[in-house]
There are 6 protein chains.
Amino acid sequence: MISVTRRYRFPAAHVLRSRALSDAENVSLYGQCANPSGHGHNYGLEVCVAGERDPRTGWIVPPEACDEIVRTRILDRFDHRLLNDDPLFRDLVPTAENIAIAVYRELAAPLGKAGSGRLARVGIIETPRNRFDYEETP
Amino acid sequence: MISVTRRYRFPAAHVLRSRALSDAENVSLYGQCANPSGHGHNYGLEVCVAGERDPRTGWIVPPEACDEIVRTRILDRFDHRLLNDDPLFRDLVPTAENIAIAVYRELAAPLGKAGSGRLARVGIIETPRNRFDYEETP
Amino acid sequence: MISVTRRYRFPAAHVLRSRALSDAENVSLYGQCANPSGHGHNYGLEVCVAGERDPRTGWIVPPEACDEIVRTRILDRFDHRLLNDDPLFRDLVPTAENIAIAVYRELAAPLGKAGSGRLARVGIIETPRNRFDYEETP
Amino acid sequence: MISVTRRYRFPAAHVLRSRALSDAENVSLYGQCANPSGHGHNYGLEVCVAGERDPRTGWIVPPEACDEIVRTRILDRFDHRLLNDDPLFRDLVPTAENIAIAVYRELAAPLGKAGSGRLARVGIIETPRNRFDYEETP
Amino acid sequence: MISVTRRYRFPAAHVLRSRALSDAENVSLYGQCANPSGHGHNYGLEVCVAGERDPRTGWIVPPEACDEIVRTRILDRFDHRLLNDDPLFRDLVPTAENIAIAVYRELAAPLGKAGSGRLARVGIIETPRNRFDYEETP
Amino acid sequence: MISVTRRYRFPAAHVLRSRALSDAENVSLYGQCANPSGHGHNYGLEVCVAGERDPRTGWIVPPEACDEIVRTRILDRFDHRLLNDDPLFRDLVPTAENIAIAVYRELAAPLGKAGSGRLARVGIIETPRNRFDYEETP
């Protein structure tokens, strides 16, 4: 199996706070991550596409096509924003796990059409000390 | 000259928006950094202390003393916060330049007393693609 | 599948030397790594927990619970030590392969109870030029 | 499963240009990568060997044996060269996907004989923003 | 003194070969770097501007202005190219030392006009193991 | 001013313990770094040579000459060793400050003769979170 992983970045803010919980419960669960003014990260985003090489180009997916999809579907939407403002996170706490799954769902269809591979994995790097990976097998 | 540089991290959010300017002027100056909900970074903080080695320990400053000063003066205050909420940035836009200078002023006195050196430089690493350094020469 | 990987560090020393072998055999096998005074590394440790998100928190494992387990079971034990002094390595040469497997066995049970996932992989990064991964599939 | 991954580097140049295509088609497909004078990268190469630990050494593969195989088969051949000059890439455009597969084929047999594991994966890191992995399962 | 350092990248190829020397002398001096087909690097470029903060913006230089100058003067010219093709290196061997000085001279005037600081330093990072810095003091 | 900085690595062990102090004083001063069995680091070493470019080569110092000096004077001596075993640290606690100064003194003379520059700075990177720099100005 051959795969290509492309890496992107988007600085953004988030607040870990569930509408289903009281203020005290949120603070108890999420600690300083529940601070209502928010805090932020230089999020790293890895997009891994696996499949066959296109016999004409030697590429699994043309890099510019991949970049364009990630830019329009994710970066234009999350970059320099408060993630909680996005409709995706209206009813979903923007933990990195939830971000990874939400990004996978946005990208799987267009990346599947852009080349000869399929979206195998989305990685969210929240800080240099933690990362989150969502993968689907065919 | 011998120096030690210790590196810290604090995820935080900020908004680039000046009270002295109109909304349109803020957007024109700061672009997406003026988004009122804020965005964030994994800020890196470098603290460089230069001077003489203590003949007894071979250290310029005891590492735990340095860590304690940085933790109580800066990290406890900025970590997982919106920087604009801090009194330091009530009337000062929290650009990384302004953060570096504010941090220097908080740390210079206690670090000068903690060992045999002086605070030579504070570096703020906002993203992997930019950094800001404030230094004072004796 | 969704997973979270948290990264830790512990500076430590080790000696590659087997009691079952002669001095000459140890030097022949392990070269400069057999130097009896030891040498050391800034070991990186990656702990990957995979599973389901807790529907209440959006987390696979609460980060503080994970950190507490790794700290008490591994870091407090290995950090700033000679690994050969640890009972785990009385009869086992502390190659990074052996360290990875030993760490996995220490962490699997408590991490399995700490959240809604299971310990999927332990990675030991000995230097920036090599890494070692032990994984168990369910 | 236990694995060791060793990382190497070789600065090299390449040109993305297929003999089966016209000049205009090459430029249209590969953009600035088709520039006939070439451009280059600090290629990173990851070699992942998975298997059993040798009970005598605690290693999957002796590190020096691995380094020697990678040096003689790959680094001596690609380091500080134009990859298009290599016979492997006479009729194959040296995309990173093609490099990863070619390297795997050169290394699988000798690495399989050098220890108690098998070559599980070859990774090519072309820039800090993309990587390519080729793996074969037994 | 306050400074901002912005970091850029441009993959490029080069050949170390002086027209003033014979083929044998070039190989003797530059070794494998004299390979006539060229080799390449993911060059890192650091641009450090030092000076005063603009009292209105809190910036030394507006980041977009800096990026635009570096893009039009350097990146559009060197990115994905063979540096020896550039007029700057017609009679000058493109060692990283020479690249750093040439870049400084291209950038000093426009960056001096773009904000309230001056170009203090240009850094060229050729590989993760070497870097080259050219600085001018006022 | 133009400078070149080359980066090296040497895994080594050390113990922070002064012969002039009692056991209790050592533990009180150095904490877990005083553990008598030692602990270790992947030390990074930066060697910065500043000066003039050689008009014939465009180099400040030939990279192979620099590497050879660092290898024979420092790496062959410290790599995979306990630093306390070295005569340099018989009466000097091997803090990173002391290592930086000792390395500077070993390298200054030979590097001054190897090219058209002078040794401007030696940096010791003990962990990713601290570094130590010793510089002498002419």
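Structure first, text after, so check above.
These lines cover the structure that appears in this document, whether it is placed above or below. (Residues numbered from 1 in each chain as written. Chains lettered and ligands numbered in written order. Predicted model: local features only at pLDDT ≥ 70, side-chain atom pairs only at ≥ 80, totals over all residues. Heavy atoms only, no water.)

**Let's talk about the interface of chain A and chain B**
Here is step 1 of the chain: On the side of chain B, 21 residues touch chain A, which itself brings 21 residues to the contact.
Here is step 2 of the chain: On the surface where chain A and chain B come into contact, there are zero salt bridges.
Here is step 3 of the chain: For the pair chain A and chain B, the interface holds 14 residue pairs in polar contact (both at pLDDT 80 or more).
Here is step 4 of the chain: Counting only elements with at least two residues in the side of chain A that touches chain B, the list comes to β1 (2-14), β2 (39-51) and β3 (117-127) of chain A.
Here is step 5 of the chain: Each residue belonging to the side of chain A that touches chain B can be placed in one class, and the counts come to six nonpolar, ten polar and five charged. (Contact = heavy atoms within 4.5 Å. Salt bridge = Lys/Arg side-chain N within 4 Å of Asp/Glu carboxyl O. Polar contact = N/O pair within 3.5 Å; in protein donor to acceptor, adjacent residues only side chain to side chain. Helix = DSSP H or I, 4+ residues; strand = E, 2+ residues; numbered from the N terminus. Nonpolar A, V, L, I, M, F, W, Y, C, P; charged D, E, K, R; others polar.)

**Overview of the packing of aromatic side chains**
Here is step 1 of the chain: Within the structure shown, the criterion is met by 30 aromatic pairs over all chains.
Here is step 2 of the chain: Taking 5.0 Å as the distance between ring centres and 75° as the angle between the ring planes, the aromatic pair formed by W59(A) and Y30(D) counts as edge-to-face. A residue pair is termed interchain when its members come from two chains, as with W59(A) in the loop between β2 and α2 (63-78) and Y30(D) in helix α1 (residues 23-30).
Here is step 3 of the chain: With a relative accessible area of 11%, W59(A) lands in the buried category.
Here is step 4 of the chain: Three or more aromatic residues joined by ring pairs make a cluster, and in this case those are F10(A), Y43(A), F78(A) and F89(A). (Phe/Tyr/Trp six-rings, centres within 6.5 Å; stacked < 30°, edge-to-face > 60°. Buried < 20%, exposed > 50% of the residue type's maximum accessible area, 1.4 Å probe, protein only.)

**Re the arrangement of the chains**
Here is step 1 of the chain: Nowhere do chain B and chain C come into contact; their C-alpha atoms are at least 14 Å apart.
Here is step 2 of the chain: No interface is formed between chain A and chain E, the nearest pair of C-alpha atoms being 14 Å apart.

**Topic: the interface of chain A and chain D**
Here is step 1 of the chain: In this assembly, 13 residues from chain A lie in contact with 17 residues from chain D.
Here is step 2 of the chain: Counting each side, the surface lost to burial between chain A and chain D is near 1,500 Å², with a carbon and sulfur contribution of 50%.
Here is step 3 of the chain: For the pair chain A and chain D, the number of links is zero salt bridges.
Here is step 4 of the chain: The interface formed by chain A and chain D contains eight residue pairs in polar contact (both at pLDDT 80 or more). (Buried area = accessible area lost by both parts, 1.4 Å probe.)

**Some points on the sheet that holds strand β3 (residues 117-127) of chain F**
Either a parallel or an antiparallel arrangement is found when strands of a sheet pair, and the pairing is made through backbone hydrogen bonds.
Here is step 1 of the chain: Overall, antiparallel pairing links the twelve strands, which are arranged β1(B)-β2(B)-β3(B)-β4(B)-β1(E)-β2(E)-β3(E)-β4(E)-β1(F)-β2(F)-β3(F)-β4(F) in a closed barrel. Going from strand to strand, the sheet's axes swing by 25° on average, the running direction of each strand aside.
Here is step 2 of the chain: The pairing of strand β2 (residues 39-51) of chain B with strand β3 (residues 117-127) of chain B spans eight bridges and is antiparallel. Bridge pairing links G44(B) to I125(B) in β3(B).
Here is step 3 of the chain: On the sheet, helix α2 (residues 63-78) of chain B packs against β1 (2-14) and β2 of chain B and is oriented at approximately 20° with respect to β1(B). (Pairing = 2+ DSSP bridges. Axes fitted to C-alpha atoms, helices over the stretch in contact; angles between N-to-C directions.)

**A closer look at the environment of A12(E)**
Here is step 1 of the chain: Following the sequence through the fold, A12(E) ends up in strand β1 (residues 2-14).
Here is step 2 of the chain: Linking A12(E) and N42(E), residues 30 residues apart in sequence, is a C-alpha distance of 6.6 Å.
Here is step 3 of the chain: Beyond its immediate stretch of four places on either side in the chain, A12(E) contacts H39(D), G40(D), H39(E), G40(E), H41(E), Y43(E), F78(E), R81(E) and L83(E).

**Looking at the pairing of strand β4 (residues 130-135) of chain A**
Here is step 1 of the chain: Summarising the sheet, β3(A) and β4(A) pair through six bridges and their orientation is antiparallel. Residue pairing in the sheet places I124(A) in a bridge with F132(A) of β4(A).
Here is step 2 of the chain: Here β3(A) folds back onto β4(A) in antiparallel fashion, the turn holding two residues.
Here is step 3 of the chain: The sheet contact formed by β4(A) and strand β1 (residues 2-14) of chain C spans five bridges and is antiparallel. When the sheet's bridge partners are listed, D133(A) is paired in β1(C) with S3(C).

**Notes on the packing of α2(A) against helix α3 (residues 96-114) of chain A**
Two measures define how a pair of helices packs: the angle their axes make with one another and the distance between the axes.
Residues and elements named next belong to chain A.
Here is step 1 of the chain: Across the interface, α2 lies against α3 with an axial gap of 10 Å and an inter-helix angle of 150°. What the angle tells us is that α2 and α3 run roughly antiparallel. As for how α2 packs across α3, the hand of that crossing is right-handed. Taken together, the residues of α3 that come into contact with α2 (itself represented by A65, C66, I69, V70, R73, I74, R77 and F78) are I99, V103, E106, L107, P110, L111 and A114.
Here is step 2 of the chain: Along the lines of polarity and charge, the residues of the contact of α2 with α3 split into twelve nonpolar, no polar and three charged. (Parallel < 35°, antiparallel > 145°, perpendicular 65-115°, else oblique. Left-handed = near helix turned anticlockwise from the far one by under 90°.)

**Observations concerning the pattern of salt bridges**
Here is step 1 of the chain: Scanning the model with the defined rule gives 66 salt bridges over all chains in all.
Here is step 2 of the chain: E68(C) is the partner of R71(C) in a salt bridge, and the nearest nitrogen-oxygen pair spans 3.2 Å. Placement of both R71(C) and E68(C) in helix α2 (residues 63-78) is noted, with a separation of three residues, approximately one turn of the helix.
Here is step 3 of the chain: You can call R71(C) partly exposed: its relative accessible area is 36%.
Here is step 4 of the chain: One network of salt bridges, in which partners are shared, links R7(A), E46(A), R121(A), R131(A) and D133(A).

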